[in-house]
Amino acid sequence: MTFDVLSIGSASEVIKVGFDPKMIAISHPTEKEWTLDDYVCVFDVGREIACGWVIKSGARGSIVELTHQAAAIREGDRVRSSNFKIEKKVSRTIAGSEISDWINIPNHKFNF
């Protein structure tokens, strides 16, 4: 007997692939709800096949806009949060003074 590690517990999964394949609907895991700007990845048999940002979240699930995709996504594919973070220095001018901050961005697929 074998088990898919991602299927044990309350994994999130793809509910629907949109007409535009860069848009997918996903379910919430039971331990938390996805929130706006969460970065999530889709897995097929444990292999990452796509990642993207949560752009809308509601009681029934979330909408994700994919930033990259390596293979076709199907309903039922598993979804989990991407834990990899990068830092980016952000500078802005407020009232004539430049302010710089380091922010964590949960996206390892950015091209700066």
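For the structure, see preceding data.
All values reported here derive from a predicted model rather than from experimental measurement.

Conventions used here
- Residues numbered from 1 in each chain as written.
- Predicted model: local features only at pLDDT ≥ 70, side-chain atom pairs only at ≥ 80, totals over all residues.
- Heavy atoms only, no water.
- Helix = DSSP H or I, 4+ residues; strand = E, 2+ residues; numbered from the N terminus.
- Buried < 20%, exposed > 50% of the residue type's maximum accessible area, 1.4 Å probe, protein only.
- Contact = heavy atoms within 4.5 Å.
- Core = buried A, V, L, I, M, F, W, Y, C linked by side-chain atoms within 4.5 Å.
- Pairing = 2+ DSSP bridges.

1. Brief notes about the environment of glutamate 13
Moving on, step 1. Mapping glutamate 13 onto the fold places it in strand β1 (residues 12-17).
Moving on, step 2. A relative accessible area of 30% means that glutamate 13 is categorised as partly exposed.
Moving on, step 3. Through-space distance from the C-alpha of glutamate 13 to that of aspartate 77 is 5.5 Å; in sequence the pair is 64 residues apart.
Moving on, step 4. Setting aside residues up to four positions removed in sequence, glutamate 13 forms contacts with Ala25, Ile26, Ser27, Gly76, Asp77, Arg78 and Val79.

2. Points about the nonpolar core
Moving on, step 1. Residues Ile24, Ile26, Val42 and Ile73 are the most contacted members of the largest nonpolar core, which totals 13 residues.
Moving on, step 2. Secondary structure elements with two or more residues in this core: β2 (23-26), β3 (39-44), β4 (47-58) and β5 (61-69).
Moving on, step 3. At three residues, β4 tops the list of elements feeding residues into this core.
Moving on, step 4. Not counting chain neighbours up to four residues away, the residues in contact with valine 42 comprise Val14, Ile24, Arg47, Glu48, Ile49, Ala50, Ile73, Asp77, Arg78 and Val79.

3. Some points on the pairing of strand β6 (residues 78-81)
Moving on, step 1. The pairing of β1 with β6 spans two bridges and is classified as antiparallel. Opposite glutamate 13, over in β6, you have arginine 78 as the bridge partner.
Moving on, step 2. Examined bridge by bridge, β3 and β6 share four bridges and lie antiparallel to one another. Opposite valine 40, over in β6, you have serine 81 as the bridge partner.

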